[in-house]
Amino acid sequence: MSENNSKNTAQNYRNETAGKSLFLGLVVITSLFLALFLISLWVIPYVGFNAIHPWAKWIAAVLVGAALIVVIWASLGLLLKSTTGKNLPLFNKMRGITVRLFLPIMTLIGRMFGISKNKVRSSFIQVNNDLVLSEADTYRPEDILMLMPHCLQNSRCKIRLTYNVRNCKRCGKCNIADLLDLSDRYNIHLAVATGGTIARRIVVERRPRIILAVACQRDLASGIQDTYPLPVYGILNLRPHGPCLDTLVPIDKLEAAIRRFLDRRYYPDQGGLCTDEGDAQAQT
Ligand code: SF4
């Protein structure tokens, strides 16, 4: 790859990614919008409430106040959880609120401010990862699934990997060989999916307790939403040749994630307990 290409790729990657502060900033802006909207629900009809009943305006005020408290509490809960890992009372399910409520609204608000979907998604993925890190336990190898996109495979390689990634000859022309090495070393199942439907099927069949997924912003964000409440730790792939072609996995980041979520008793460098996973994988 030429030096110019490398620079362009690095520039494109920077343009497409964003830190978690973007997502958290959008959470605050959204909360302000929601708060203003809710306040207006009370202020606008205020003049007419007296004609209905003398208490009507106060009942409406209590309802609006309660909704305001929920919105503000949820935003504060997410900010606190994401920055310190601590829970606010009554909001220990922050990942669900983030995945189900905040991401769709953030994407809309981001569009209003001219922020690309991919920037919002990459910021969301970082917040999601923080929440997964703060909530997730450590697991046995068979409870972890490494889920990879098909675009990692060298585009000239004719071997079919979708149903059996172990068909790979490990020639080293793409990261599939490195991933198989990781899979062997840690006894963790590796799967390659050509799309969302196959990915869902793999998850249903394997029934993991946590997924380490590598993909682009769009696929990671939709995968995290699709599989909720199953925790997904997302790692962005690298795209030196553009989207969906000969993409790369940051292997060091993936291995660091494995070592964070794998029960230490199964570390290969600490002896590692014997599991049946390696044998089972060799047969699938
Ligand atoms: S490492 Fe495996 S998947 Fe990649 S090009 Fe070689 S044989 Fe094909």
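Preceding block: the structure.
About the thresholds
Residues numbered from 1 in each chain as written. Predicted model: local features only at pLDDT ≥ 70, side-chain atom pairs only at ≥ 80, totals over all residues. Helix = DSSP H or I, 4+ residues; strand = E, 2+ residues; numbered from the N terminus. Buried ≥ 20, exposed ≤ 12 C-beta atoms within 10 Å, placed from the backbone. Contact = placed C-beta atoms within 7 Å. Core = buried A, V, L, I, M, F, W, Y, C linked by C-beta atoms within 7 Å. Domains from an automatic or database assignment. Axes fitted to C-alpha atoms, helices over the stretch in contact; angles between N-to-C directions. Parallel < 35°, antiparallel > 145°, perpendicular 65-115°, else oblique. Left-handed = near helix turned anticlockwise from the far one by under 90°. Nonpolar A, V, L, I, M, F, W, Y, C, P; charged D, E, K, R; others polar. Near = placed C-beta within 6 Å. Pairing = 2+ DSSP bridges. Right-handed = clockwise from strand over helix to strand, strands pointing away.

## A short note on the overall build of the protein
Alright, step 1. The secondary structure content of the protein amounts to ten helices and four strands.
Alright, step 2. From first element to last, N terminus to C terminus, the protein shows the α and β order α-α-α-α-α-β-α-β-α-β-α-β-α-α.
Alright, step 3. Residues classed as buried in the protein amount to 31% of the 284 residues present.
Alright, step 4. Taking as baseline every contact in the protein between residues at least 6 positions apart, the subset at least 24 positions apart corresponds to 67%.

## Thoughts on the nonpolar core
Alright, step 1. Counting 56 residues, the largest nonpolar core has L147, M148 and L212 as the members making the most contacts within it.
Alright, step 2. Shared between two domains, this core holds at least three residues of each, these being domain 1 (10-132) and domain 2 (138-283).
Alright, step 3. Excluding anything up to four places from it in sequence, M148 contacts L179, L190, A191, V192, V214 and V249.

## A word on the packing of helix α5 (residues 117-135) against helix α8 (residues 217-227)
Alright, step 1. Orientation of α5 relative to α8, taken along the N-to-C sense of each, is 50 degrees, at an axis distance of 9 Å. Judged on the interaxial angle alone, α8 and α5 are oblique. By crossing handedness, the relation of α5 to α8 is classed as left-handed. For the pair formed by α5 and α8, the contact residues are N118, R121, S122, F124, I125 and N128 on the first element and Q217, R218, L220, A221 and I224 on the second.
Alright, step 2. In terms of residue class, the contact of α5 with α8 is built from five nonpolar, four polar and two charged.

## Focus: the site of the ligand
Alright, step 1. In the region of the ligand, 13 residues are neighbours, and N154, C157, C168, C171 and C174 sit closest.
Alright, step 2. Split into classes, the residues belonging to the shell around the ligand amount to seven nonpolar, three polar and three charged.

## Digging into the sheet that holds strand β2 (residues 189-193)
Alright, step 1. As summarised here, the arrangement of the four strands in space is β2-β1-β3-β4, forming an open sheet in which the pairing is parallel. The open sheet terminates on both sides in strands that have one partner only, identified here as β2 and β4 (232-236). Averaged over all pairs of adjacent strands, the angle between their axes in this sheet comes to 20 degrees, without regard to strand direction.
Alright, step 2. The pairing of strand β3 (residues 210-215) with β4 spans five bridges and is parallel. For L212, the partnering residue across the bridge sits in β4 and is Y233.

## Overview of the environment of T30
Alright, step 1. As for its position among the elements, T30 is in helix α2 (residues 20-52).
Alright, step 2. When the C-alpha positions of T30 and I109 are compared, they lie 7.1 Å apart, and in sequence the two are 79 residues distant.

## Description of the pairing of β3
Alright, step 1. Within β3, six of the six residues are buried, which leaves it mostly tucked inside the rest of the structure.
Alright, step 2. Judged from the four bridges that link them, strand β1 (residues 144-149) and β3 form a sheet pairing that is parallel. Within β3, the position partnered with M146 by the bridge is L212.
Alright, step 3. Taking the sense of rotation as the criterion, the β-α-β connection linking β3, α8 and β4 turns out right-handed.

## Here's the deal with unusual backbone geometry
Alright, step 1. A cis amide bond links Y228 to the next residue, P229, at an omega of 10 degrees.
Alright, step 2. Note on placement: P229 falls in the loop between α8 and β4.
Alright, step 3. The phi torsion at R170 lies on the positive side, around 55 degrees, for a residue other than glycine.
Alright, step 4. With respect to the helices and strands, R170 occurs in the loop between β1 and α6 (176-186).
Alright, step 5. The exposure class of R170 is exposed, given the 11 C-beta atoms found within 10 Å.
Alright, step 6. At D246, a position not held by glycine, the phi torsion is positive, near 45 degrees.
Alright, step 7. With respect to the helices and strands, the residue D246 is situated in the loop between β4 and α9 (251-261).

## Quick word on the environment of S183
Alright, step 1. One can find S183 in helix α6.
Alright, step 2. Assessed through the 21 C-beta atoms surrounding it within 10 Å, S183 is described here as buried.

## Structural notes on the environment of L238
Alright, step 1. If you trace the backbone, L238 turns up in the loop between β4 and α9.
Alright, step 2. Each C-alpha atom, one on L238 and one on L248, is 4.9 Å from the other, the two residues being ten residues apart in sequence.
Alright, step 3. What L238 contacts, discounting residues up to four positions off in sequence, is T247, L248 and P250.

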